[in-house]
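# Structural description and commentary
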Amino acid sequence: MGVVIAVLSQKGGTGKTTTVRTLADVLRRVSLDVLAVDLDPQGNLSDYFDVDPEASPTIADVLAGRAAAAGAVHGGVIPSNLQLAEAELAIAGKMGRELILRKALKDVRERHDVVLIDCPPNLGLLTVNALVAADHALLTAEAQYFALQGVEQALEVITLARDGLNPDLEWLGVVFTIADLRTKHSREALASLREHVGGKLFTASIRQSIAYAESAERAVSILDHRPDLGADYVALAEEVLDRLGLASSRRRVRSLAEEMAAA
Ligand SMILES: Nc1ncnc2c1ncn2[C@@H]1O[C@H](COP(=O)(O)OP(=O)(O)O)[C@@H](O)[C@H]1O
Ligand SMILES: [Mg+2]
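Since we're looking at a predicted model, the values are computed, not measured.

### Points about the overall build of the chain
If you tally the helices and strands in the chain, you get 12 helices and 6 strands. Taking 18 Å as the expected radius of gyration for a compact globule of 263 residues, we find that the chain reaches 17 Å, a close match to that expectation. Scored against the burial criterion, the 263 residues of the chain give a buried share of 45%. Residue pairs at least 24 apart in sequence account for 74% of intrachain contacts in the chain once pairs closer than 6 positions are excluded.

So this is what it looks like as C-alpha cells:
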C-alpha cells in the first residue's frame, strides 16, 4: 500500500509544484514507484512533467466520476487543466464532497510506493480533498516574513481534516523554500519558523536560484539542470524517507547524494 503525501500551502509561489516535481524525481532515482497527482487547475505540475496538454482523461474527469484514476495516469502523472476548476464547482454541492479524491485514489495507491499530490494555491475544497486522501501533509513555506502566518493557516486546515474525516493524517513537516540565506530577511523568516514549528522544520532548506525557473520552462529536472542545487532536494528526500520510516530507500538516497557530490 503506497504512502500518500499532500504538498500544500495557503498560497501560491511557495514551491509546492517544484517540490512535488523534484521529490518525485529523487524518489524515482532510487527505484520507488511514484505517482504524481496534479490537483491545481493551473496545471503547472503537468507542464513541468511535459505531459501532453491534450492528454485525457485528467484529474477533472476522475473527480467528476467520468474516469478511474488508474486510467488517468499519463507517464506517472495524473494531469490537470482548467477543467478542474469546473469539476471543483460541480462537486462543491455534493454529499461527501471532501471524500471524492480519497475514494478515487483507493485503487491507484495500491499500485505505487508513493503518491504525491500537488495542491492548488489555496486551502479550499481541492486542498481539503487532498488532506482527506493523504496519510501525510507536507507544507512548503517561502522565505518571507509572512511565511509563518501561512503555515499556521495551513495547520488549522490539517487539524480540521484530522478532527473530522481523516484522523490518521500526519503532519510530515515544513520545508523552507526559495531561501536566500545570505539575506537577513530570509534568515529571520527561517528563525521565526523554527521557533514556532521546532523539529517539524526540515533541516534541508531549498536555496533560491533562477535555475528553477529555467528548469521548469524546459521541463528538465533541477537534478539534471543544476545538480549542485538539486542536492537540496536530495537532502530533503532523505529526511522525508527518514520520517516515513523507509530506511532502505533513505540509504539509497544517501548513496545518490554521494554520487552526485562526487560527479
Ligand atoms: N528554489 C527556488 N528558487 C527560485 N525560484 C524558485 C524556486 N523554487 C521554485 N521557484 C520558482 O518560483 C515559482 C513558484 O514555484 P512553484 O513551485 O510553482 O510554487 P507553487 O506551486 O507553490 O505555486 C516558479 O516560477 C518556480 O520556478
Ligand atoms: Mg503550484
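### Regarding the sheet that holds strand β5 (residues 136-142)
Strand order in this open sheet of 6 strands is β3-β2-β4-β1-β5-β6, and the pairing throughout is parallel. Every interior strand has two partners, whereas the edge strands, β3 (77-78) and β6 (170-177), have only one. Along the sheet face, helix α1 (residues 16-29) touches β1 (3-8), β2 (34-38), β4 (114-118), β5 and β6 and points at about 165 degrees away from the line of β4.

### Describing the site of ligand 1
Around ligand 1, the surrounding shell holds 18 residues, and the nearest of these are Gly-12, Lys-16, Thr-17, Thr-18 and Tyr-212. Residues belonging to the shell around ligand 1 are distributed by class as follows: 6 nonpolar, 11 polar and 1 charged.

### A look at the environment of Val-73
Along the polypeptide, Val-73 turns up in the loop between α3 (59-63) and β3. Residue class for Val-73 comes out partly exposed when judged on the 19 C-beta atoms lying within 10 Å of it. For the pair Val-73 and Ala-219, spaced 146 residues apart in sequence, the C-alpha separation works out to 18 Å. Among all residues touching Val-73, those that are not within four sequence positions of it are Leu-35 and Ile-78.

### So, the environment of Glu-195
Topologically, Glu-195 is positioned in helix α8 (residues 184-197). For the pair Glu-195 and Leu-116, spaced 79 residues apart in sequence, the C-alpha to C-alpha distance is 28 Å.

### A look at helix α11 (residues 227-244)
In this model α11 runs 25 Å from its N-terminal to its C-terminal C-alpha over 18 residues, within 8% of the 26 Å that 1.5 Å per residue would give. Every buried residue of α11 is accounted for by Gly-230, Tyr-233, Val-234, Leu-236, Ala-237, Glu-238, Val-240 and Leu-241. Of the surrounding elements, those touching the buried residues of α11 are α1, β6, α10 (222-225) and α12 (247-262). Note on α11: the residue one or two positions beyond its end, Gly-245, has a positive phi of about 75 degrees.

### Some thoughts on helix α4 (residues 83-92)
In an α-helix, one turn spans 3.6 residues, which is why side chains three or four residues apart end up on the same side. Among all positions of α4, only Leu-84, Ala-87 and Glu-88 are buried. Buried residues of α4, seen end-on, are gathered within an arc of 105 degrees and therefore sit on one face of the element. Looking at the packing, one finds that the buried side of α4 touches α3 and α6 (125-133).

### Side note on the pairing of β5
Of all 7 residues making up β5, 6 are buried, and the element is well covered by its neighbours. Taken together, the 7 bridges between β5 and β6 define a ladder with parallel strand orientation. Following the sheet pairing, Leu-138 is matched in β6 by Gly-173. Crossover β5 to β6 through helix α7 (residues 147-163) is right-handed.

### Describing the packing of α11 against α12
The description of two packed helices rests on the angle between their axes and on the distance between the axes. At a minimum axis distance of 9 Å, the contact between α11 and α12 shows a crossing angle of 165 degrees. With respect to α12, the axis of α11 lies roughly antiparallel. By crossing handedness, the relation of α11 to α12 is classed as left-handed. Mapping the contact onto sequence places Pro-227, Ala-231, Val-234, Ala-235, Ala-237, Glu-238, Leu-241 and Asp-242 in α11 and Ser-249, Arg-250, Val-253, Arg-254, Leu-256, Ala-257 and Met-260 in α12. In terms of residue class, the contact of α11 with α12 is built from 10 nonpolar, 1 polar and 4 charged.

### Quick notes on the pairing of β1
Counting buried positions along β1 yields 5 of 6 residues, so the element is predominantly enclosed. Examined bridge by bridge, β1 and β4 share 5 bridges and lie parallel to one another. Bridging across to β4, Val-4 finds its partner in Val-115. Relative to β5, β1 runs parallel, the two sharing 4 bridges. From the neighbouring strand, Leu-8 faces β5, where its bridge partner is Leu-139.

About the criteria used
- Residues numbered from 1 in each chain as written.
- Chains lettered and ligands numbered in written order.
- Predicted model: local features only at pLDDT ≥ 70, side-chain atom pairs only at ≥ 80, totals over all residues.
- Helix = DSSP H or I, 4+ residues; strand = E, 2+ residues; numbered from the N terminus.
- Rg over C-alpha atoms; globule rule 2.2 N^0.38 Å.
- Buried ≥ 20, exposed ≤ 12 C-beta atoms within 10 Å, placed from the backbone.
- Contact = placed C-beta atoms within 7 Å.
- Pairing = 2+ DSSP bridges.
- Axes fitted to C-alpha atoms, helices over the stretch in contact; angles between N-to-C directions.
- Near = placed C-beta within 6 Å.
- Nonpolar A, V, L, I, M, F, W, Y, C, P; charged D, E, K, R; others polar.
- Expected span 1.5 Å × (residues − 1).
- Arc of directions from axis to C-beta.
- Right-handed = clockwise from strand over helix to strand, strands pointing away.
- Parallel < 35°, antiparallel > 145°, perpendicular 65-115°, else oblique.
- Left-handed = near helix turned anticlockwise from the far one by under 90°.

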